[in-house]
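Read off the chains here:
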Amino acid sequence: MMAKKTLFVLFLVLCITPLLAIEGRLAVTSFANFFDRWYKSNAEVPLGAIPQTTHVYKRQAFYMLPLISGFGTDAKKKANITYNLTIKKDAVVLLDRKNVKGLTKVVNDTSAVFLCETVLNYEFTADAKEGEYEIEITVTDNTNGQKTTFGQTITVSTYKYIPRKFAVPDSFFVWQNYCYEGLEPDREIDGLLFFSQPKMQTDPEKTLPMLGFFAELFKGKFYLLSAVEEHFTKMDTNERLTTIHILNLVSYAPQSLQKKFNADEKQYYQSVKGYGLPIIPDSTVKNPYLLNLLWAKFFASGNFEHAKKIAETLELGKYEGAMARYNESGKTEKDQQEAFWETIYQKTVEDLLTRLPNHPLFNGYCLYMLTAKETAPDVVSQLERVVVR
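This structure is a prediction, so every number in the text was calculated from the model and none was measured.

### Considerations on the packing of aromatic side chains
Right, so step 1: Scanning the entire structure with this criterion turns up 34 aromatic pairs.
Right, so step 2: Between Phe-261 and Tyr-269, the ring centres sit 5.8 Å apart and the planes meet at 55°, which makes this aromatic pair tilted. For the pair Phe-261 and Tyr-269, a shared accessibility class is recorded, and that class is buried.
Right, so step 3: Among the aromatic residues, ring-to-ring pairing joins Phe-166, Phe-172, Phe-173, Trp-175, Phe-194, Phe-195, Phe-213, Phe-214 and Phe-218 into one connected group.
Right, so step 4: We note Lys-331 situated over the ring of Tyr-326; from NZ or CZ to the ring centre the distance is 5.5 Å.
Right, so step 5: For the cation-ring pair, Arg-355 lies above Trp-295, with the distance from its terminal atom to the ring centre recorded as 4.4 Å.

### Details of the packing of helix 10 (residues 288-301) against helix 11 (residues 304-312)
Axis angle and axis distance: for two packed helices, these are the angle between their axes and the distance between the axes, and together they describe the pair.
Right, so step 1: Contact pair helix 10 / helix 11: the axes reach a minimum separation of 8 Å and the direction vectors enclose 150°. Comparing the axis directions of helix 10 and helix 11 gives the class roughly antiparallel. Crossing of helix 10 over helix 11 shows left-handed handedness. From helix 10, Leu-291, Leu-294, Trp-295, Lys-297, Phe-298 and Ser-301 reach across to helix 11, where they touch His-306, Ala-307, Lys-309 and Ile-310.
Right, so step 2: For the contact of helix 10 with helix 11, the class distribution of residues is six nonpolar, two polar and two charged.

### What about the pattern of salt bridges?
Right, so step 1: Under the definition given, this model contains 14 salt bridges.
Right, so step 2: For the salt bridge of Glu-184 with Arg-187, the shortest nitrogen-to-oxygen distance reads 3.1 Å.
Right, so step 3: Across the salt bridge formed by Arg-385 and Glu-320, the nearest N and O atoms sit 3.7 Å from each other. Remark: Glu-320 occurs in the loop between helix 11 and helix 12 (322-326) and Arg-385 occurs in the segment after helix 15 (377-383); sequence separation between them is 65 residues.

The rules we used
Residues numbered from 1 in each chain as written. Predicted model: local features only at pLDDT ≥ 70, side-chain atom pairs only at ≥ 80, totals over all residues. Heavy atoms only, no water. Phe/Tyr/Trp six-rings, centres within 6.5 Å; stacked < 30°, edge-to-face > 60°. Buried < 20%, exposed > 50% of the residue type's maximum accessible area, 1.4 Å probe, protein only. Lys NZ or Arg CZ within 6 Å of the ring centre and 35° of its normal. Axes fitted to C-alpha atoms, helices over the stretch in contact; angles between N-to-C directions. Helix = DSSP H or I, 4+ residues; strand = E, 2+ residues; numbered from the N terminus. Parallel < 35°, antiparallel > 145°, perpendicular 65-115°, else oblique. Left-handed = near helix turned anticlockwise from the far one by under 90°. Contact = heavy atoms within 4.5 Å. Nonpolar A, V, L, I, M, F, W, Y, C, P; charged D, E, K, R; others polar. Salt bridge = Lys/Arg side-chain N within 4 Å of Asp/Glu carboxyl O.

In structure tokens, the structure reads:
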């Protein structure tokens, strides 16, 4: 009789508390800042903050993000997930990684979707075959022995620059402002050529941020850099000089490129060689040129660190009122400095109020900063005034 009662109770438990089955899916992205976008974007669906792709170029780095849910935990609610990953084309295996650490932290709600702690990246070599490749992941829940397999097909090709010139500045600036969202990929060289026009470089205050934008955009992207080199002889004089400047900023000047320089270009390259962009200080940024540079770098990449440095300038809010007090002060160097710092603060507030409604990723980063332990209290109180909720 006791055995029957025990079985009946067990039956009720199984009916009332359904067993979760581990599930997974794969997301592929070429954006290296996927962890920041996942954990700090404050997005309702974090994956929505990460541009995804099913197509990559040879020599283009990409990242394979395993997403899992429905796994088990031990008595202390700690997960123990590992996974195997392969990349193959037909019977040829290019990458075979086993027992990669997936998830080992305490988890209270295993029905939520989690990004694995270790994300692998890969880059197809220049001599890789074009076509479709299979990425396959097998996840093992070491708590209960469950497994699940999932994957994605990606297409690999050689990058070929096909000109699609920007007709007007407005279309260029829309692309430039939302490049970090993956808007109109493959227009990096179009943008570079448009920026090379003399009319786009008449204001040094605006030229510096754009140099920073393209340096951030081309940095480490060898598939793009080699395409720029290939197109170099088809450029006009202004395009060639601007290209030399930007390629110097990303330390790309192989002999194969330098051989294409004419006498004036060789002299110009020597004049810019070794010079880089201004260094962003670790302390609060109090320079309007550097703030514009940070905005440009953010538009190119969507990096959290750029957004954080801009938002931290709100710390200068402690000088609010300094401009009004300046006329009644002794106009000392200190008075003048504090009044200037207030102008930096006011410009940052104006920029954030204007841009946050149109840039959800930046706004999400600001929302994250509101509760981050490392955010200074002065910055938190100022962020409360500008974030969009």
